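Residue-level structural notes
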Amino acid sequence: MSSYPVSISANKSEGWLKITWDDNHVSTYPFGLLRAACPCATCRGGHENMRSTPDPEVFELVLPDSPATRLRNIEAVGNYAITIEWEDGHHFGIYRWDYLRELCPCSECRGMA
């Protein structure tokens with residue numbers, strides 16, 4: 001399934017990122033989930049652990065509110081991804097559209113996994 005976002009918004013005070021996809025599905029990601037699922041080599045434990053899908057364990061992790069889970073900035077990466085800068089300075093993960101769609105935490109998407 002190839003989906004593309006038609007809108008992306010974030011609410012820093014409530015701690016979520018929302019993406020509306022071109023098929024009208026809406027994904028709301030808690031910041032803690034996005035940080036737990038950071039796709040960079042450092043967070044994944046090295047290049048040998050890089051995969052195009054999120055680790056299933058990230059859905060079980062609960063990260064506390066901290067600079068590591070507070071959004072500082074979001075930037076587009078071409079027309080295929082975003083990168084997120086966290087308040088602790090981490091900004092290395094490139095969240096591709098397909099990765100984010102796989103990461104959707106809603107019950108409909110988790111039932112498809």
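Data block above holds the structure.
This text gives an overview of the structure that appears in the document. (Residues numbered from 1 in each chain as written. Predicted model: local features only at pLDDT ≥ 70, side-chain atom pairs only at ≥ 80, totals over all residues. Heavy atoms only, no water.)

1. Quick word on the packing of aromatic side chains
Scanning the entire structure with this criterion turns up 2 aromatic pairs. Aromatic side chains Phe-31 and Trp-86 sit 6.0 Å apart centroid to centroid with 75° between the ring planes, which places their arrangement in the edge-to-face category. With Phe-31 in helix H1 (residues 31–36) and Trp-86 in strand S5 (residues 81–86), the pair connects residues that are 55 residues apart, well separated along the chain. Residue classification places Phe-31 among the buried positions, given a relative accessible area of 4%. In this structure Trp-86 comes out as buried when scored by relative accessible area, which is 0%. Over the ring of Trp-16 we find Lys-18; its NZ or CZ atom is 5.0 Å from the centre of that ring. A cation over an aromatic ring shows up here: Arg-110 above the ring of Phe-59, its NZ or CZ 3.8 Å from the ring centre. (Phe/Tyr/Trp six-rings, centres within 6.5 Å; stacked < 30°, edge-to-face > 60°. Helix = DSSP H or I, 4+ residues; strand = E, 2+ residues; numbered from the N terminus. Buried < 20%, exposed > 50% of the residue type's maximum accessible area, 1.4 Å probe, protein only. Lys NZ or Arg CZ within 6 Å of the ring centre and 35° of its normal.)

2. As for the pattern of salt bridges
Counted by the stated rule, this structure contains 6 salt bridges. The closest approach of N and O atoms between Arg-70 and Glu-87, which form a salt bridge, is 3.7 Å. With Arg-70 in the loop between helix H2 (41–44) and strand S4 (71–77) and Glu-87 in the loop between S5 and strand S6 (94–96), the pair connects residues that are 17 residues apart, well separated along the chain. Note on Arg-70: relative accessible area 30%, which makes it partly exposed. (Salt bridge = Lys/Arg side-chain N within 4 Å of Asp/Glu carboxyl O.)

3. Section: unusual backbone geometry
Phi is positive for Asn-24, close to 75°, though the residue is something other than glycine. Relative to the helices and strands, Asn-24 is located in the loop between strand S2 (16–21) and strand S3 (26–30).

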